[in-house]
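Tertiary structure, described
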Amino acid sequence: MDCIFCKIVNNEIPSTTIFEDDNLKVILDINPVNKGHMLILTKKHYNNIFDVPEPLLTNIYPLAQKMASILKTVTQKYNKHQIAGINIMQNNGAAAGQEVSHFHLHIIPRHAGEVGIIKVTRTKYDSMDEMNAMGNDIKELL
Ligand code: 5GP
Ligand code: ZN
């Protein structure tokens with residue numbers, strides 16, 4: 001199957017990896033809403049929430065809570081403003097905006113004054129070096 005997130009899980013495509021265990025992998029989104037935007041991926045390919053076994057689902061939110069807490073402390077260094085909020089969200093199906101059909105949970109740092117659940121525009125890391133530096137800063141806080 002030609003799935004970009006399976007390739008990331010198998011390290012066939014590089015990613016800025018924050019954390020991994022037997023079942024889950026946390027990476028930085030390559031096209032972030034704001035810097036520090038993370039994705040929690042299942043290591044096994046599940047299309048969306050309807051396919052993920054319940055015991056695995058119960059592991060995902062505690063990890064999301066941990067990652068969101070860390071993001072609050074690390075994002076100001078890389079973003080212009082302090083983080084005022086964090087969206088934790090997940091798209092299921094193309095109609096819901098799911099572009100990659102491999103289960104992933106978004107953890108999105110948000111600044112005050114940003115409108116809507118997700119900004120239409122996204123930002124860019126200055127370089128891959130910056131993206132990796134931010135990944136390393138986050139990993140140090142794990
Ligand atoms: P969806 O719309 O499916 O919920 O979100 C897919 C997300 O995956 C998007 O935010 C997009 O920027 C991100 N993404 C797509 N391809 C890659 C990739 O190759 N590497 C990383 N790190 N993120 C990706
Ligand atoms: Zn996959």
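First, a word on what this report is: a plain description of the structure on this page. Small disclaimer: the values here were computed from a predicted structure and weren't measured.

Quick look at the site of ligand 1
- In the vicinity of ligand 1 lie 17 residues, with D29, E99, H104, H106 and R122 positioned nearest.
- Contact between ligand 1 and D29: an oxygen atom at 2.4 Å from a side-chain N or O atom of the residue.
- Between ligand 1 and H106, the relevant distance is 2.8 Å, taken from an oxygen atom to a side-chain nitrogen or oxygen of the residue.
- A total of 520 Å² of accessible area belongs to ligand 1 in isolation, and the protein chains cover 88% of it.
- Most atoms of ligand 1, that is more than half of them, are within 2 Å of grid points of the largest pocket.
- At the level of secondary structure, the elements contributing two or more residues to the shell around ligand 1 comprise α1 (4–9), β2 (24–28) and β5 (104–110).
- Take the shell around ligand 1: its biggest share by element is 3 residues, from α1.
- Residues of the shell around ligand 1, tallied by class, amount to 8 nonpolar, 6 polar and 3 charged.

Description of the coordination of the zinc ion (ligand 2)
- Taken together, C3 (SG), C6 (SG), H45 (ND1) and H102 (ND1) make up the protein donors of the zinc ion (ligand 2), found 2.1 to 2.3 Å from the metal.
- Its 4 donor atoms give the zinc ion (ligand 2) angles of 103 to 118° at the centre, a pattern that matches the tetrahedral case.
- All donors of the zinc ion (ligand 2) belong to a single chain; written as a sequence motif, their spacing is C-x2-C-x38-H-x56-H. Within this pair, whereas C3 is found in the segment before α1, its partner H45 is found in the loop between β3 (38–42) and α2 (54–74), the two being separated by 42 residues in sequence.
- Overall, the relative accessible area of 6% leaves C3 in the buried class.

Cut-offs and rules
- Residues numbered from 1 in each chain as written.
- Chains lettered and ligands numbered in written order.
- Predicted model: local features only at pLDDT ≥ 70, side-chain atom pairs only at ≥ 80, totals over all residues.
- Heavy atoms only, no water.
- Near = heavy atom within 4 Å.
- Polar contact = N/O pair within 3.5 Å; in protein donor to acceptor, adjacent residues only side chain to side chain.
- Areas by Shrake-Rupley, 256 points an atom, 1.4 Å probe, with all protein chains shown as cover.
- 1 Å grid on protein atoms, 1.4 Å probe; cavity = no way out; pocket = protein on both sides within 12 Å on 5 of 7 lines; lining within 4 Å.
- Sits in = over half its atoms within 2 Å of the grid points.
- Helix = DSSP H or I, 4+ residues; strand = E, 2+ residues; numbered from the N terminus.
- Nonpolar A, V, L, I, M, F, W, Y, C, P; charged D, E, K, R; others polar.
- Donors = N, O, S within 2.8 Å, 3.2 Å for Na, K, Ca; no water.
- Tetrahedral: all angles 85-135°; square planar, octahedral: opposite > 155°, others 65-115°.
- Buried < 20%, exposed > 50% of the residue type's maximum accessible area, 1.4 Å probe, protein only.

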